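# What the coordinates show
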Amino acid sequence: MPYLEQAFETKKETWDREQYQEHEEFNQFLADIFAKDDVATFSRQDLFNTVGGNIKATIFSIIFWGYPRNMRGNTFESILKVLPDIERLLSGNRALDIAALTQICRQLKGCGIGLSTLTKFLYFFGFTLNGYRCLILDRRIVEVLNAGTFAELSILGSITEYNKERAYPAYLRIMHQLSEKNGYSVDQLELFLFQFGRNLKAAAL
């Protein structure tokens, strides 16, 4: 699975909205990204390459990759309002324990950032949790896990909006163990579940 090449395309018109225009840094990002074309494509490799540079630009790029049609409701507008807080959290210690993750989740929920968006940030910024590299856990992957298609992952039980933060450490541990056991990268396993997990009958990984 060529996970670094996984890419999504987004359009300028999707993000060029009146409610965002007061945010100068975002508008400069838009001008830079869409300087030559009204369509931009972001791959995982592109996002990894931005880490270590302008942190706000990295945050915007991750959102464009993860939500090419924009986010639900006023979520992105809320994110712009608290961008310095998000930047501060992502600039901190990247070796998390469960208590630190819980604290971050509580801090970001107020601006509409749930676990799906948060885990995208943690993944691309290279965070670890209990020694395991953070992976994306979005709604689509949760659906695959809950379907019970893969026996090795079914031990996580049913993941809901109410327990997914508690399930996330176990998800990381099992994903890393499966990857190591079978000789593929954990990124490839996560992408496999995202791309194909909903279209397969029960099978062992």
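Look up: the structure comes first, before these words.
Residues numbered from 1 in each chain as written. Predicted model: local features only at pLDDT ≥ 70, side-chain atom pairs only at ≥ 80, totals over all residues. Heavy atoms only, no water.

## Structural notes on the packing of helix H4 (residues 55-66) against helix H6 (residues 83-90)
Defined as follows: Fitted lines through C-alpha atoms give the axes, limited to the stretch in contact for helices. The angle between two N-to-C directions lies from 0 to 180 degrees. Each helix corresponds to a stretch of at least 4 residues labelled H or I by DSSP, and each strand to a stretch of at least 2 residues labelled E; elements are numbered beginning at the N terminus. Roughly parallel means an angle under 35 degrees; roughly antiparallel means over 145; roughly perpendicular covers 65 to 115; every other angle is labelled oblique. Here, residues are in contact when the closest pair of their heavy atoms is within 4.5 Å. All amino acids are sorted into three groups, where Ala, Val, Leu, Ile, Met, Phe, Trp, Tyr, Cys and Pro are nonpolar, Asp, Glu, Lys and Arg are charged, and the leftover types, Gly among them, are polar.
Relative orientation of the contacting elements H4 and H6 amounts to 100°, with a least axis distance of 10 Å. Looking at the two axes, H4 sits roughly perpendicular to H6. Side by side, H4 and H6 meet where Ile55, Lys56, Ile59 and Phe60 of the first sit next to Leu83, Ile86, Glu87 and Leu90 of the second. Residue composition of the contact of H4 with H6, by class: six nonpolar, no polar and two charged.

## Some remarks on the nonpolar core
Defined as follows: We call a set of buried residues a nonpolar core when its members are Ala, Val, Leu, Ile, Met, Phe, Trp, Tyr or Cys and they connect through side-chain atoms within 4.5 Å of each other. Accessibility here uses a 1.4 Å probe with only protein chains present; expressed as a share of the type maximum, an area under 20% marks a residue as buried, one over 50% as exposed, and anything in between as partly exposed.
Counting 66 residues, the largest nonpolar core has Phe26 and Tyr171 as its most contacted members. Leaving out residues up to four positions away in the same chain, Tyr171 has contacts with Leu135, Ile136, Leu137, Ile141, Leu145, Leu156 and Glu190.

## Comments concerning helix H2 (residues 24-33)
Test applied: Starting at the helix axis, one direction is taken to each C-beta atom, and the arc is that of these directions.
Turning to H2, its buried residues number three or more, namely Phe26, Phe29 and Leu30. All buried residues of H2 fall inside an arc of 100° around its axis, so they share one side. Of the exposed residues in H2, those oriented more than 90 degrees away from the buried face are Glu24 and Asp32.

## Considerations on the environment of Thr102
Note on placement: Thr102 falls in helix H7 (residues 98-109). Between the C-alpha atoms of Thr102 and Glu165, which are 63 residues apart in sequence, the distance is 7.7 Å.

## A word on helix H11 (residues 164-182)
How we decide: Multiplying 1.5 Å by the residue count of a helix minus one yields the expected span of that helix. Two axes enter the bend calculation: one fitted to the seven residues ending at the residue in question, the other to the seven starting there, and the bend is the angle between them.
For H11, built from 19 residues, the straight-helix expectation of 27 Å at 1.5 Å per residue is met to within 8% by its first-to-last C-alpha distance of 26 Å. Within H11, the axis deviates most sharply at Ala170, by approximately 25°. Within H11, the full set of buried residues consists of Lys164, Ala167, Tyr168, Pro169, Tyr171, Leu172, Ile174, Met175, His176, Leu178 and Ser179. Backbone geometry just after H11 places Gly183 at a positive phi near 80°.

## A closer look at unusual backbone geometry
Residues other than glycine seldom take positive phi values, yet Asn70 does so here, at roughly 85°. One can find Asn70 in the loop between H4 and helix H5 (75-81).

## Some points on the state of the cysteines
For clarity, the threshold we go by: Throughout, disulfides are identified as pairs of cysteine sulfur atoms within 2.5 Å of each other.
Going through the model one piece at a time under the given rule, you end up with zero disulfides. Summary of cysteine pairing: Cys105 is not part of a disulfide, and the nearest cysteine sulfur, belonging to Cys134, is at 10 Å.

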